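Each chain is listed here by its residues.
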Amino acid sequence: MASTTIDNSIPAKLDMATLVIIAITVVAWASAFPAIRAGLTAFGAAELGAVRFGIAAVPAAIYLIIMRPALPALGEAWRFAFGGIFFVAFYTVLLNFGEQTVSAGAASFIINVNPIITVILALLLLGERFRPIAWLGMIISFSGIGLIALGEGGGLKVDSGALLILGAAFCTSAAMIVQKPLFKKHNALTVAMWNMVIGALCLSPMLPGGLKQAASSDSHALFAVIYLGIVPSLIAYGTWAMVLSRMPASRAANFQYCVPPVATAMGFLWLGEVPGWVSVAGGALALGGVILVNLRR
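Given the structure is predicted, the values throughout are model-derived calculations rather than measurements.

Focus on the side chain of Thr 92
And then number 1: Examined against the element boundaries, Thr 92 turns out to sit in helix 3 (residues 77-99).
And then number 2: The class of Thr 92 is buried, set by a relative accessible area of 1%.
And then number 3: Sequence-distant contacts of Thr 92, that is, excluding residues within four places in its chain, are made with Gly 49, Arg 52, Phe 53 and Leu 203.

Quick look at the packing of aromatic side chains
And then number 1: In this structure the tally under the stated criterion is 8 aromatic pairs.
And then number 2: Counting every residue linked through ring pairs, the aromatic cluster contains Trp 29, Phe 53, Phe 87, Tyr 237 and Trp 240.

A word on a nonpolar patch on the surface
And then number 1: On the surface, Met 16, Leu 19, Val 20, Ile 24, Leu 222, Ile 226, Ile 230 and Ile 235 cluster together into a nonpolar patch covering about 640 Å² of accessible area.
And then number 2: Where the nonpolar patch is concerned, the elements lending two or more residues are helix 1 (16-39) and helix 10 (219-246).
And then number 3: Considering the arrangement of structural elements, one finds Ile 230 in helix 10.
And then number 4: Taking the relative accessible area as the measure of exposure, Ile 230 reaches 38% and is therefore partly exposed.

Digging into unusual backbone geometry
And then number 1: Backbone geometry at Arg 68 places phi at a positive 50°, although glycine is not the residue there.
And then number 2: Among the secondary structure elements, Arg 68 is positioned in the loop between helix 2 (45-67) and helix 3.
And then number 3: Judged by its relative accessible area of 70%, Arg 68 falls in the exposed class.

Observations concerning helix 10
And then number 1: If you check helix 10, its first and last C-alpha atoms are 39 Å apart, about what 28 residues at 1.5 Å a residue would give, namely 40 Å.
And then number 2: The principal kink in helix 10, of about 35°, is found at Ala 236.
And then number 3: The opening residue of helix 10 is Asp 218, an N-cap whose side-chain oxygen sits 3.2 Å from the backbone nitrogen of His 220.

Here's the deal with the pattern of salt bridges
Opposite charge on two side chains allows them to pair when their charged atoms are near.
And then number 1: Tallied over the full model, the rule gives 2 salt bridges.
And then number 2: With a shortest N-O distance of 3.8 Å, Arg 246 and Asp 15 are connected by a salt bridge. Here the residue Arg 246 occupies a position in helix 10, and Asp 15 occupies one in the segment before helix 1, the gap between them amounting to 231 residues.
And then number 3: Residue classification places Arg 246 among the partly exposed positions, given a relative accessible area of 28%.

What to know about the packing of helix 3 against helix 7 (residues 161-179)
Axes are the key here: two packed helices are described by the angle between their axes and the distance separating the axes.
And then number 1: Two elements in contact, helix 3 and helix 7, have axes separated by 8 Å at closest approach and are oriented at 160°. As judged from the angle between their axes, helix 3 and helix 7 are roughly antiparallel. You can see that helix 3 and helix 7 cross each other, and the crossing is left-handed.
And then number 2: Along the lines of polarity and charge, the residues of the contact of helix 3 with helix 7 split into 17 nonpolar, 6 polar and 2 charged.

Some details on empty space enclosed by the protein
Over the atoms rolls a probe the size of a water molecule, and its path tells where empty space is left.
And then number 1: All chains considered together, the criterion is met by 4 cavities of 30 Å³ or more.
And then number 2: Around the largest cavity, the lining is made up of 20 residues, and of these Trp 29, Phe 33, Tyr 91, Ile 111 and Gln 256 lie nearest the centre.
And then number 3: For the lining of the largest cavity, the secondary-structure elements that each account for two or more residues are helix 1, helix 3, helix 4 (104-111), helix 7, helix 10 and helix 12 (259-271).
And then number 4: Of the residues assigned to the lining of the largest cavity, the class counts are 13 nonpolar, 5 polar and 2 charged.
And then number 5: Within this model, the second largest cavity holds a volume of roughly 70 Å³.
And then number 6: If you trace the second largest cavity, you find it lined by Phe 87, Ala 175, Met 176, Gln 179, Phe 183, Val 191, Ala 192, Asn 195, Tyr 237, Trp 240, Ala 241 and Leu 244.
And then number 7: Breaking the lining of the second largest cavity down by element, the ones donating at least two residues are helix 7, helix 8 (188-203) and helix 10.

About the thresholds
- What you see as residue numbers is a count from 1 along each chain, following the sequence as written.
- Reporting of local features is limited, given that this is a predicted model, to residues whose pLDDT is at least 70; pairs of side-chain atoms are given and counted only at 80 or more, and all residues count toward the totals for whole chains, interfaces and linings.
- In computing side-chain properties, one takes all heavy atoms of the structure into account and sets aside hydrogens as well as water.
- Put simply, DSSP marks the helices as runs of H or I at least four residues long and the strands as runs of E at least two long, and each gets a number from the N terminus on.
- For each residue, the accessible area found with a 1.4 Å probe, counting protein chains only, is set against the maximum for its type, and the residue is called buried under 20%, exposed over 50%, and partly exposed in between.
- Residue contacts follow a heavy-atom distance rule, with two residues in contact if any of their heavy atoms lie within 4.5 Å.
- Working definition: a ring pair exists when centres of Phe, Tyr or Trp rings (six-membered ring for Trp) sit within 6.5 Å. Plane angles under 30 degrees give stacked, over 60 give edge-to-face, the rest tilted.
- What goes into a patch is any residue over 30% in relative accessible area without a salt bridge, connected to like charges within 9 Å or, for nonpolar side chains (Val, Leu, Ile, Met, Phe, Trp, Tyr), within 5 Å.
- Using a 1.4 Å probe, the Shrake-Rupley method yields the accessible areas, and only the shown protein chains count as cover for residues.
- The term salt bridge refers to a side-chain nitrogen of Lys or Arg lying within 4 Å of a carboxyl oxygen of Asp or Glu.
- One less than the number of residues in a helix, times 1.5 Å, gives the span that helix is expected to have.
- Here the bend at a residue is taken as the angle between two axes, fitted respectively to the seven residues that end there and the seven that start there.
- What qualifies as a polar contact is a pair of N or O atoms within 3.5 Å, subject to a donor-acceptor requirement within protein and to the restriction that residues adjacent in sequence count only when both atoms come from side chains.
- Whenever a helix is involved, its axis is fitted only over the stretch in contact; in every case the axis is a line through C-alpha atoms, and angles between N-to-C directions fall within 0 to 180 degrees.
- Oblique is the label for any angle not under 35 degrees, not over 145, and not in the 65 to 115 range, which are roughly parallel, roughly antiparallel and roughly perpendicular in turn.
- Each crossing is labelled by how the near helix is turned from the far one, with a counterclockwise turn of less than a right angle marking it left-handed and a clockwise turn marking it right-handed.
- When residues are sorted by character, Ala, Val, Leu, Ile, Met, Phe, Trp, Tyr, Cys and Pro go into the nonpolar class, Asp, Glu, Lys and Arg into the charged class, and all the rest, Gly among them, into the polar class.
- Points on a 1 Å grid, built from protein atoms alone, make a cavity when a 1.4 Å probe fits but cannot get out and make a pocket when they are open with protein on both sides within 12 Å along at least 5 of 7 lines; residues with an atom within 4 Å of a point are the lining residues.
- Grid points are joined across faces, edges and corners, and a volume is the space filled by probe spheres set on the points.

Encoded structure:
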């Protein structure tokens, strides 16, 4: 892949609009983990992903039909395809299969290898810079996620599902790096909508089985898959593309460390799950590390 320099039009400081978009993405993705677990009670791992993005792809396709954005150049087409295949299809199937056997705490720890992978790839392939204090912040955040995982109980014992979740993290990192250059010429929402349409097409062979499972599922699982299709998919994939269009991939990825602390807080507010002091300390470390990465920006 050719080296690409950072777009100088990206603001050095986070403005309020960007912070709001980041917050929406974090909350939406934090809610995805319990929704996936709920959906897996009635759907197979691949079928859940197919129905989820089948739902998301309908409004995404309508957006593309109405807006009629410029088609990608021949040299860009593979970047669009890469996002749909890896960021949508492979990611969701690997994560769903992994969550069948890996605890939530361990899963959140493993998936958060993604920002580290992204930073390394961004340094090597995009020419981005990451200051020493930012590396320190990332290490602090990752340590905090480890504490959250430990705080759930059961330690970090994982099985073969851990490799699937690690594969999902690699898919996300690779897609971020591959698609970053697209935002110089294409609208962020256009990139996100194409990702969902292409990803849904890749998952379509599993859709008939998913629809059959939906017909016999309970209301709880059915709500979960509809919610996954709208909020963590259609909305969050769109807002995440907007985040990537506004800042370097290395900095954007670091905000994903906010997901586990927010998920812990949501569990307390919605389900009455009281986190232990280790989890609370881990959440504080994770958020503190994110602040440190963006200090004096």
